[in-house]
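Descriptive structure summary
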There are 2 protein chains.
Amino acid sequence: MKKLINDPEAVVSEALEGIAAAYPERLRVSHDPAFIVRADAPVSGKVGVLSGGGSGHEPLHGGFVGRGMLGVACPGAVFTSPTPDQMLAATQAVDGGAGVLHIVKNYTGDVMNFEAAAELAAAEGAEVASVLVDDDVAVQDSTYTAGRRGVGATVLVEKIAGAAAEAGRPLADVAALAERVNAQARSMGMALTSCTVPHVGTPTFDLAEDEMEIGIGIHGEPGRERVGLEAADRIVDRLLEPILSDLPFVAGDRVLAFVNGMGGTPLIELYIVYRRVAQVLAERGLRIERNLIGNYITSLEMAGTSITLLKLDDELVRLWDAPVDTLALRWGV
Amino acid sequence: MKKLINDPEAVVSEALEGIAAAYPERLRVSHDPAFIVRADAPVSGKVGVLSGGGSGHEPLHGGFVGRGMLGVACPGAVFTSPTPDQMLAATQAVDGGAGVLHIVKNYTGDVMNFEAAAELAAAEGAEVASVLVDDDVAVQDSTYTAGRRGVGATVLVEKIAGAAAEAGRPLADVAALAERVNAQARSMGMALTSCTVPHVGTPTFDLAEDEMEIGIGIHGEPGRERVGLEAADRIVDRLLEPILSDLPFVAGDRVLAFVNGMGGTPLIELYIVYRRVAQVLAERGLRIERNLIGNYITSLEMAGTSITLLKLDDELVRLWDAPVDTLALRWGV
């Protein structure tokens, strides 16, 4: 295992120390329990937006904490859910009296722990709403999931819900918007190589030099099929077809196209992926009104990509365009 | 070779097509000759700032084109200098009548071609100044370089020169600032793994599972030594010592600390690297006033990191903080 780490068991805690050292004006880092919170939290009278999950998907979620997006992020150990106590403390840290939205990726551990946290928070007087993200069309159930997995749409849900919260919208509205983004988004990913979880020390799965996995999960969960390596354009076609037919996306739809890198794929390759996405969507008569290209929801050093399409309307465009001031997404400020 | 590409010979041209499709409001892409230019170029009365070099280091340089940073970027083939004709066309595309600054990383091919381009541009009436970036303390001469290589400081030179140009400073001032940033910056990098140049198809070098290369160049050029894998803290110490002693940086200095990923290293590891950088600089009595952490000058999918320190003063801080609106660096807008 080749990694820039000290102790495999201390990866998350030492990374949090690095974040704390780097961004004291912007973020507060709590180490025990672990969470990353906006320096100005709680914002009185505004909905607090919380997300969290296993580490190893950076910049998700900590890199999305800041004005106009998340109020707080709870990092678990690598690929491991944070605990209910941790989520409770984070909920309280962003509760400005207008309630807190929990954005939960659909993995069984996260779902259970977020449910427990929401109950604990409610018992202590906090108003909590939850939204489950399950945008991955690749498979129905999976290693850690009943139903569909939550993947790239999480970034879009966090941005749009965060913008609504920042605008002072009430909890029910913020939650409804988050639900709408999830309902209108579909994703699928693929991997060229595995990643290695630090505390495991060996690759999560094996792929031959001439193989790739279509429909991979962000923890290396099996996808739809393992096939021979192909050209980027053909790979994009394999990812787009199930995405487009599932919602379905149809001619005339306005979309946000999100091309995500899994962590180990260079940006230059993501542009080649985007090129084909733009071609296919143009052929289908869809209009890409917004896009996002980069490493935003990763799987450590896995090489690969995922594509997310979100069907847009005027309100979603306005909230997407609203100012955001986080480490990983920043505009309008 | 596992890459998301179609044709190894078409990687750069197809990536440019992707960029052109993605950012038409922000950038204009010329395909032959290849360059990426601000949509509003040339800006009348302001210095145009040009940089370029081999592709494979994304987001450098194209990701830094925009208001407050580069006016134009010339991408060569992967790890190969762009041509003088290409640089000439790019120079003319950003010449708003106040001259053009060429920011050149110190690699023999780039230096020769930029010199030829500057002569061609001068012959056609453009006023051109050039700054050579050579901040890598690892080795004196190298595979493609006489003198020191240009690495991480390039990003800082581009930001600060770009801010000065945006502020309407004359060419001589913009060039002098770029020279000052280079003179006050020092860098060193390391690799855990090699990268594979698409049109070559095999790894540039081989490292055993328990080895790393200290002082690596951004094209995989040999460093100072190949040693056994060590903990991240020890690796940071190995990189910082030559950087600190070279300028030298001394107690009381104000610095910008830039922790860069080589492309295949996850962000979570870069935070662990930054943690140690902050510890060591605090022990030495240096004050980190600004920082930058992420994948900004990469070597395709190489795993590894480089550290750059820039000695700051009030003027450099002001120019660093000035608004910038590019794909990879964006604030204040």
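Going by the structure above, here's the rest.
Residues numbered from 1 in each chain as written. Chains lettered and ligands numbered in written order. Predicted model: local features only at pLDDT ≥ 70, side-chain atom pairs only at ≥ 80, totals over all residues. Heavy atoms only, no water.

Looking now at the interface of chain B and chain A. Taken together, the contact between chain B and chain A spans 57 residues of the former and 58 residues of the latter. Considering only the side of chain B, the residues that lose the most area to chain A are Lys2, Leu4 and Ile268 of chain B, jointly responsible for 20% of the buried surface there. Linking chain B with chain A are four salt bridges, by the criterion used here. Glutamate 14 of chain B is paired through a salt bridge with arginine 275 of chain A; the nearest N and O atoms lie 3.7 Å apart. Summed over the shared surface of chain B and chain A, the result is 21 residue pairs in polar contact (both at pLDDT 80 or more). Elements that contribute at least two residues to the side of chain B that touches chain A include exactly helix 1 (11-22), helix 6 (232-246), helix 7 (267-284), strand 11 (287-294), strand 12 (304-311) and strand 14 (330-331) of chain B. Class assignment of the residues belonging to the side of chain B that touches chain A gives a composition of 32 nonpolar, 12 polar and 13 charged. (Contact = heavy atoms within 4.5 Å. Buried area = accessible area lost by both parts, 1.4 Å probe. Salt bridge = Lys/Arg side-chain N within 4 Å of Asp/Glu carboxyl O. Polar contact = N/O pair within 3.5 Å; in protein donor to acceptor, adjacent residues only side chain to side chain. Helix = DSSP H or I, 4+ residues; strand = E, 2+ residues; numbered from the N terminus. Nonpolar A, V, L, I, M, F, W, Y, C, P; charged D, E, K, R; others polar.)

Enumeration over the complete set of coordinates arrives at 52 salt bridges over all chains. Among the salt bridges present, the one from arginine 287 of chain A reaches glutamate 289 of chain A, with a minimum N-O distance of 2.6 Å. For arginine 287 of chain A, a relative accessible area of 48% puts it in the partly exposed group. In this structure, arginine 169 of chain B and glutamate 315 of chain B form a salt bridge, with 2.9 Å as the shortest nitrogen-oxygen distance. Placement of the pair is arginine 169 of chain B in the loop between helix 4 (153-166) and helix 5 (171-183) and glutamate 315 of chain B in helix 8 (residues 314-321), with a sequence separation of 146 residues. Here the salt bridges do not stand alone but share partners, grouping Arg169, Asp173, Arg180, Asp313 and Glu315 of chain A into one network. (Buried < 20%, exposed > 50% of the residue type's maximum accessible area, 1.4 Å probe, protein only.)

Residue and element names in this part refer to chain B. Spatially, the six strands line up as an open sheet ordered 9-8-7-12-10-11, and their pairing is mixed. Looking at strand neighbours, the two that pair on one side only are strand 9 (225-228) and strand 11, the edges of this open sheet. Direction aside, neighbouring strands of the sheet carry axes that sit 20 degrees apart on average. Here seven bridges tie strand 10 (residues 254-261) to strand 11, and the two strands are oriented parallel to one another. (Pairing = 2+ DSSP bridges. Axes fitted to C-alpha atoms, helices over the stretch in contact; angles between N-to-C directions.)

One can describe the packing of helix 7 (residues 267-284) of chain A onto helix 1 of chain B by two numbers: an axis separation of 7 Å at closest approach and a directional angle of 60 degrees. Between helix 7 of chain A and helix 1 of chain B, the angle falls in the class oblique. Handedness of the crossing formed by helix 7 of chain A with helix 1 of chain B: left-handed. Each of Ile268, Tyr271, Ile272, Tyr274, Arg275 and Ala278 of chain A in helix 7 of chain A lies in contact with helix 1 of chain B, whose residues at this interface are Val11, Val12, Glu14, Ala15, Glu17, Gly18, Ile19, Ala21 and Ala22 of chain B. Counted by class, the contact of helix 7 of chain A with helix 1 of chain B contains 11 nonpolar, one polar and three charged residues. (Parallel < 35°, antiparallel > 145°, perpendicular 65-115°, else oblique. Left-handed = near helix turned anticlockwise from the far one by under 90°.)

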